[in-house]
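Chains, contacts and geometry: an overview
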Amino acid sequence: MDILRSKTNEKIRSAVAVRDSSKTRRESKTFFLEGARLCSDAAENGIEIYRTFLSSTASEKYGEYCKRIISASEEVYGISDEVAAKLSDTQNPQGIFCICRAEKSAQGAALNTDGRYLMLENVQDPSNLGAISRTAEALGIDGLIVCGGCDIYNPKALRASMGSALRMNIISRESAVETINEANKNGMLTLASTPDKSSVKITEVNMTGGIVCVVGNEGNGVTAETMNACKMRVTIPMGGKAESLNAGTAAAILIWEMVRE
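So, here is what we can say about the structure in this document. Keep in mind that what you see is a predicted model, and the values were worked out from it rather than measured.

**Considerations on helix 12 (residues 247–260)**
Here helix 12 is 14 residues long and its end C-alpha atoms lie 20 Å apart, about the 20 Å a rise of 1.5 Å per residue gives. Looking at the buried residues of helix 12, the elements they touch are strand 6 (116–121), helix 7 (126–139), strand 9 (189–193) and strand 11 (211–215). With a side-chain oxygen lying 2.6 Å from the backbone nitrogen of Gly 248, the N-terminal cap of helix 12 falls on Asn 246.

Dropping the structure here:
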């Protein structure tokens, strides 16, 4: 195994670019993973691992994980602890990093008209995106539709998802309105979530059949255009003084209501 000791090595600089730049991830169709558990999850779930970097410390401490990752990798390089610190996006690096090929989020991927989807419109916080992915997988909806906002392959979003983003059906669409119009034409129920108390309570909605429910940007909510395209506006009934909920919390409640029946 070749050992890379320079932080300016071309392969290291390329990996950092994938880690830090959504443009680089999009153009190269790759993404960056860090950590024994997350990289091992990628190997177990059939994600194509193009390049792996392992420190000697990682190989000793996470031997079983490393074997699994190495067996699924096209290229494997040893790295010094200094290089591991350069690659790491965390305070306590484990010394395991992978560059993977992005197969998810094909533009225009079709919706299952009987499925139940949560659409995220311009959600910016990668921690929210990751947490919502984890909740969506745990509660068993058919997929997430991501329209604008945070890149689904943002390293912080992937970590927050605890691997769920690698397993979930995640569809990337450029236009929320066009996606809602498509769902409407196919007879799906389209819901726009809003803190407006005059809207229909989500607990009173008939959740049979295909559904797309939209959660909007953390600060501005669902856009007016998308709101108008949806068949119904829904709200989460709240008895306290808070006027709205965090996007991740709101998403968890909406997903629960979609699958509860």
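Back to the text.
**Section: helix 1 (residues 10–20)**
Of all the positions in helix 1, only Ile 12, Ala 15, Val 16, Val 18 and Arg 19 are classed as buried. Buried residues of helix 1, seen end-on, are gathered within an arc of 160° and therefore sit on one face of the element. The outward face of helix 1, more than 90 degrees from its buried face, is lined by the exposed residues Glu 10 and Arg 13.

**Description of the packing of aromatic side chains**
Tallied over the entire structure, the rule returns three aromatic pairs. Their ring planes at 20° and their centres at 4.3 Å tell us that Phe 31 and Tyr 153 sit as a pair that is stacked. Taken as a pair, Phe 31 in strand 2 (residues 30–34) and Tyr 153 in the loop between strand 7 (143–147) and helix 8 (155–160) lie far apart in primary sequence, 122 residues in all. The same class applies to Phe 31 and to Tyr 153, which are both buried.

**Some points on the pairing of strand 7**
With five of five residues buried, strand 7 is to be regarded as a mostly interior element. Burial along strand 7 is two-sided: the face carrying Gly 143, Ile 145 and Cys 147 and the face carrying Leu 144 and Val 146 are both buried. Pairing of strand 6 with strand 7 involves five bridges; the strand directions are parallel. Note that in strand 7 the partner of Leu 120 across the bridge is Val 146. With helix 7 bridging strand 6 and the parallel strand 7, this β-α-β connection has right-handed handedness. The sheet contact formed by strand 7 and strand 8 (residues 170–173) spans four bridges and is parallel. Paired with Leu 144 across the two strands is Ile 170, which belongs to strand 8.

**Things to note about the packing of helix 7 against helix 12**
Relative orientation of the contacting elements helix 7 and helix 12 amounts to 15°, with a least axis distance of 9 Å. With respect to each other, helix 7 and helix 12 are oriented roughly parallel. The interaxial crossing formed by helix 7 with helix 12 has right-handed handedness. Of the residues in helix 12, those touching helix 7 at Asn 128, Ile 132, Thr 135, Ala 136 and Leu 139 are Ala 247, Gly 248, Ala 251, Ala 252, Ile 255, Trp 256 and Val 259. Tallied by class, the residues present in the contact of helix 7 with helix 12 amount to nine nonpolar, three polar and no charged.

Here is what the cut-offs are and how they apply
Residues numbered from 1 in each chain as written. Predicted model: local features only at pLDDT ≥ 70, side-chain atom pairs only at ≥ 80, totals over all residues. Heavy atoms only, no water. Helix = DSSP H or I, 4+ residues; strand = E, 2+ residues; numbered from the N terminus. Expected span 1.5 Å × (residues − 1). Contact = heavy atoms within 4.5 Å. Polar contact = N/O pair within 3.5 Å; in protein donor to acceptor, adjacent residues only side chain to side chain. Buried < 20%, exposed > 50% of the residue type's maximum accessible area, 1.4 Å probe, protein only. Arc of directions from axis to C-beta. Phe/Tyr/Trp six-rings, centres within 6.5 Å; stacked < 30°, edge-to-face > 60°. Pairing = 2+ DSSP bridges. Right-handed = clockwise from strand over helix to strand, strands pointing away. Axes fitted to C-alpha atoms, helices over the stretch in contact; angles between N-to-C directions. Parallel < 35°, antiparallel > 145°, perpendicular 65-115°, else oblique. Left-handed = near helix turned anticlockwise from the far one by under 90°. Nonpolar A, V, L, I, M, F, W, Y, C, P; charged D, E, K, R; others polar.

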